[in-house]
Amino acid sequence: MSKKEVIEKIAFNVIQGRVESEDEGFDEGFQGQPGVVELVEEALKEETDPRTIVIDGLTKPMEIVGEKFEREEYLIPDMLASAECVGAAMDLLSPHLIKSGVESKGKFVICTVAGDLHDIGKNIVAIMLKGAGYEVLDLGADVPTTRIIETVKKERPPFLGLSALLTTTMRIMGDIMEGLEREGLRNTVKVLIGGAPTSQGFARQIGADAHCKDAFEAIHTLKAMTA
Amino acid sequence: MEAFRQGVVVRPYERLNAEQLTWLDQASMAILEDPGIWCYNERAAMLFKSHGARVWEEPGGHGCWRISCPAGLIREAVGQAPSRFVLGARRPENRLLLDAEIPRVYFGSGSEANVWLETHLDKYIRAEDGTTERLIPHYTERRGNTALLSRAAKLCEFLEHLDFFIRPLNIQDPEITPDNHDVNKFFASLNNITKHVQAGLTTLEALPHVIRMAELIVGGREALIQNPIVSFIACVFKSPMQIVEDTADKVFAVVEAGLPLVISSSPQGGSSAPIQEAGMVAQIHAEILAGIAMTQMIKPGAPVLYGSVPVRARLDDLHDLYGCPEFNQYNIDCVQLARFYKIPCYSTAGVGDAKVPGIQATFEKLLTHLFMAMSGAQYIHYAFGLLDRTNTFCPVQAILDNEQIGKVKHTLREPKVTPDTLEDMVGMVRKVMATPHRLFARHARKAMHAGDISSPFRFESKAMEDKVIAHALSHFDEIENKPAPRLDPSVVDAIYESIPGLLPGLRQGR
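Residues numbered from 1 in each chain as written. Chains lettered and ligands numbered in written order. Predicted model: local features only at pLDDT ≥ 70, side-chain atom pairs only at ≥ 80, totals over all residues.

**Q** Can you lay out the overall build of chain B for me, pointing to particular residues and giving the numbers?
**A** A tally of helices and strands in chain B yields 16 helices and 23 strands. Expected size for 510 residues packed as a compact globule is a radius of gyration near 24 Å; at 24 Å, chain B falls within 12% of this value. Projecting the C-alpha coordinates of chain B onto the three principal axes gives extents of approximately 85 × 55 × 50 Å. A burial count over chain B gives 49% of its 510 residues as buried. Once local pairs closer than 6 in sequence are excluded, the contacts in chain B between residues at least 24 apart make up 74%. (Helix = DSSP H or I, 4+ residues; strand = E, 2+ residues; numbered from the N terminus. Rg over C-alpha atoms; globule rule 2.2 N^0.38 Å. Buried ≥ 20, exposed ≤ 12 C-beta atoms within 10 Å, placed from the backbone. Contact = placed C-beta atoms within 7 Å.)

**Q** Tell me about the confidence of the model for chain B, and name the residues and values.
**A** Across chain B, the average pLDDT comes to 96, with 99% of residues at or above 70. Predicted complex metrics record ipTM = 0.79 and pTM = 0.90. (pLDDT = per-residue confidence, 0-100.)

**Q** Can you lay out the pairing of strand β7 (residues 104–107) of chain B for me, pointing to particular residues and giving the numbers?
**A** Residue and element names in this part refer to chain B. Across the two faces of β7 the burial is the same, with Arg104 and Tyr106 and Val105 and Phe107 all buried. The sheet contact formed by strand β1 (residues 8–9) and β7 spans two bridges and is antiparallel. Within β7, the position partnered with Val9 by the bridge is Arg104. Where β7 meets strand β21 (residues 379–381), two bridges bridge the pair, whose relative direction is parallel. Opposite Phe107, over in β21, you have Ile380 as the bridge partner. (Pairing = 2+ DSSP bridges.)

**Q** Talk me through the sheet that holds strand β9 (residues 133–143) of chain B; I want residue IDs and the actual numbers.
**A** All names here are of chain B. Strands sit in the order β9-β8-β23-β22 across an open sheet of four strands; the sheet is mixed. Of all the strands in the sheet, the pair left with one neighbour each is β9 and β22 (386–387). On top of the sheet, helix α15 (residues 468–480) reaches β8 (115–125) and β9; it is set at about 125 degrees to β8, its chief contact. (Axes fitted to C-alpha atoms, helices over the stretch in contact; angles between N-to-C directions.)

**Q** I'd love a proper account of the packing of helix α8 (residues 245–257) of chain B against helix α9 (residues 277–298) of chain B, names of residues and values included.
**A** All names here are of chain B. Contact pair α8 / α9: the axes reach a minimum separation of 9 Å and the direction vectors enclose 50 degrees. Taken together, the axes of α8 and α9 are oblique relative to one another. Once α8 is placed against α9, the crossing between them reads as right-handed. Along the contact surface, α8 presents Val251, Phe252, Val255 and Glu256, while α9 presents Met294, Thr295 and Ile298. Looking at the contact of α8 with α9, its residues break down into five nonpolar, one polar and one charged. (Parallel < 35°, antiparallel > 145°, perpendicular 65-115°, else oblique. Left-handed = near helix turned anticlockwise from the far one by under 90°. Nonpolar A, V, L, I, M, F, W, Y, C, P; charged D, E, K, R; others polar.)

**Q** Explain the domain arrangement of chain B residue by residue, including any values.
**A** Accessible area lost when the parts come together is the quantity often used to give the size of an interface. Splitting chain B by domain gives domain 1 (1–116 + 144–416 + 471–510) and domain 2 (419–449). Relative to domain 2 of chain B, the C-alpha centre of domain 1 of chain B lies at a distance of 45 Å. (Domains from an automatic or database assignment.)

**Q** Any details on the environment of Ala290(B)? Residues and values, ideally.
**A** Residues and elements named next belong to chain B. Considering the arrangement of structural elements, one finds Ala290 in helix α9. Look at Ala290 and you get buried, because 30 C-beta atoms sit within 10 Å. Residues Ala290 and Lys467, 177 residues apart in the sequence, show an inter-C-alpha distance of 49 Å. Look past the residues within four positions of Ala290 in its chain and what remains in contact with it is Leu32, Ile37, Cys69 and Ile74.

**Q** Provide a residue-level description of helix α2 (residues 36–45) of chain A, including the pertinent values.
**A** Residue and element names in this part refer to chain A. Within α2 the residues assigned to the buried category are Val36, Val37, Leu39, Val40 and Ala43. Within α2, the buried residues cover an arc of 165 degrees as seen down the axis, which keeps them to one side. Buried-residue contacts for α2 involve α1 (3–16), α3 (50–70) and α4 (76–99). Trailing α2 by a residue or two, Glu47 shows a phi angle of about 60 degrees, which is positive. (Arc of directions from axis to C-beta.)

**Q** Before we move on, could you go through the nonpolar core and cite the residues and values that matter?
**A** Ile74(B), Met213(B), Leu261(B), Ile292(B) and Ile380(B) are the most contacted members of the largest nonpolar core, which has 150 residues in total. The leading source of residues in this core is α9(B), at 12 residues. Excluding residues within four positions of it along the chain, Met213(B) makes contact with Val183(B), Phe186(B), Phe187(B), Leu190(B), Ile495(B) and Ile499(B). Listed in part, the 66 residues of the second largest apolar core include Val37(A), Phe159(A), Leu162(A) and Ile176(A). (Core = buried A, V, L, I, M, F, W, Y, C linked by C-beta atoms within 7 Å.)

**Q** Account for the environment of Val115(B), with residues named and values stated.
**A** Residue and element names in this part refer to chain B. Secondary-structure assignment places Val115 in strand β8. Between the C-alpha atoms of Val115 and Gly144, which are 29 residues apart in sequence, the distance is 5.4 Å. Leave out the neighbours within four places in its chain, and Val115 touches Glu141, Gly144, Asn391 and Thr392.

**Q** Provide a residue-level description of the domain arrangement of chain A, including the pertinent values.
**A** All names here are of chain A. Each domain of chain A was delimited in the assignment, giving domain 1 (3–99) and domain 2 (107–226). The gap between the C-alpha centroids of domain 1 and domain 2 is 27 Å. Ranked by residue count, the leading element in the side of domain 1 that touches domain 2 is α4, at seven residues. Along the lines of polarity and charge, the residues of the side of domain 1 that touches domain 2 split into five nonpolar, two polar and one charged.

**Q** Give me the sheet that holds strand β16 (residues 268–269) of chain B: which residues, what numbers.
**A** All names here are of chain B. In spatial order, the strands read β16-β18-β19; together these three strands make up an open sheet with mixed pairing. One side of each edge strand has no neighbouring strand; the edge strands of this open sheet are β16 and β19 (320–321). Both strand β18 (residues 311–313) and β19 contribute to a ladder of two bridges, which runs antiparallel. Paired with Ala313 across the strands is Asp320, a residue of β19.

See below:
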């Protein structure tokens, strides 16, 4: 297979949402054929420029996946499968991209706040952001406020994402904003919040930078913030 | 058989235990012996007599014979009815496989409503602010006619969860007379739908014409017997316990023609039968068994359905009350009794008192759609579009019923729980637990693509306004714009050449 063919196959499998060879794709009949992980490994072995892999093999097909989702041809599981493909590929490509002097779109620290164990929405956002090229540092669920503040202090991420599903735990987000202010970190990080009980109004009330109703809005918001 | 509609095979819900079934059957036999049957058809009375029943003419010379049937006679005759047969269709994949020993559930339309209910959306402006607009459904009634029946048949062709077609609308065009009623209603149906078509007969004289029409469509007499694209309904019993003269003649004719027949009875608990479950079911079972026995005495092995339509009276006006618990109780018992005798069951669901689509209609329909599908009745009629009991057919309601029945069928699908699927699932859990986010969403795809995962309610509203009717109406408009699956023009020509009484406009579906 030529380098070009491998890239085309990576792109095809991202659209199909096949991380590994054992995965079935959106269409039937691909199980057993190499998935994104195997193909990226092959591309790296053949010394394909990692930037080409990212642009032609991952970014462009993810745009197609987004369009398919917009047309309701794809549902959330299809979108996540493709995002996971990109995430898995980025894990393999990161060291090579650093060597080539290519940076990620930025570090994104994400977590569900203290007292709240709900993490499905947060996980979907984390997978999608990784698939969109961000370096995601996921602290998990029920994360104490002090740990979040310490992480921001240590990692210096440009973005912090906070999630809560309960009306009782969403208030913790306000404590986190105050903690960031107190520690002199507020201006170093953009804070995005989300979760069923939260709203634009609540984001304004606690002084967060944005409220995102889902992963897609988070990606759009980040794009706008970095434009 | 190569192809047939899949319906849904359920694990039947049963109300009666084995002992109660036997007691009910014995009670029915006791009723058939004493007081027996009041029979207003001499040929039928003599048929029973020739098979060993005690028959005598009622005094007064009113043409009424009393029949006292011993249990052995009924059981022996009914035992000859086939457990399994096919109801044909213009398209082979639309045929139905009825097997009394397999609870494969099919849903279809029914009744012969006089009214077609048209749905419109009227724009209203909120008085308080003068700007907020809302579209509110508004309904107008039209008299049923051949053009509307044609539209109903075409609509039903495109309702994916409708398995068979019983004309839901009475045709009342000025040119329609008792003599040409049957040929026009069968032609309007057969020219617009490729699923099985079933109806009652208005006149016995029309039967040869209807059979000829069906033969011309399938390619001859033998082809029709192999693929009976039409079948018939006969309410041979007028409850309580009376065999009707002209319907009995129709039973003779249909059975002798070799086509499938529903022996249907519809007593009303509280007026023409006891309202109590035990009494209602004992009586209707007696009536249906006697009707089925009659078919087998005419021709052993005749394909026949156990047609149970027991209803309850409203106690405020003695009209039928369909969407109530007793309806389900009566009907589930009948399904069990049909299964006890290994005869496919024609049952009923989806009727209510609601006059227009909405919350009441949804409640009444779901209450019976779900329970009757759970009972494992093979052939559930009345299930699409009926409102105001059985007096109105509303196409938008039929579209809503299609959605509801689809969800009911999906709910009752056989569980896919096998050692193989469980091995896959354990592997999936292990795989996902090894990932950072422990999210199963990606692994939903296989089930999603296999059609195992249902879609959200098709006509849902996303905002704070109920738009179900508006969405259903727009879906109806989409179907109306599709071409009808018309018969081949040469077949239509042949039908018009050999069958009298067909309305000229119907040829073009008008």
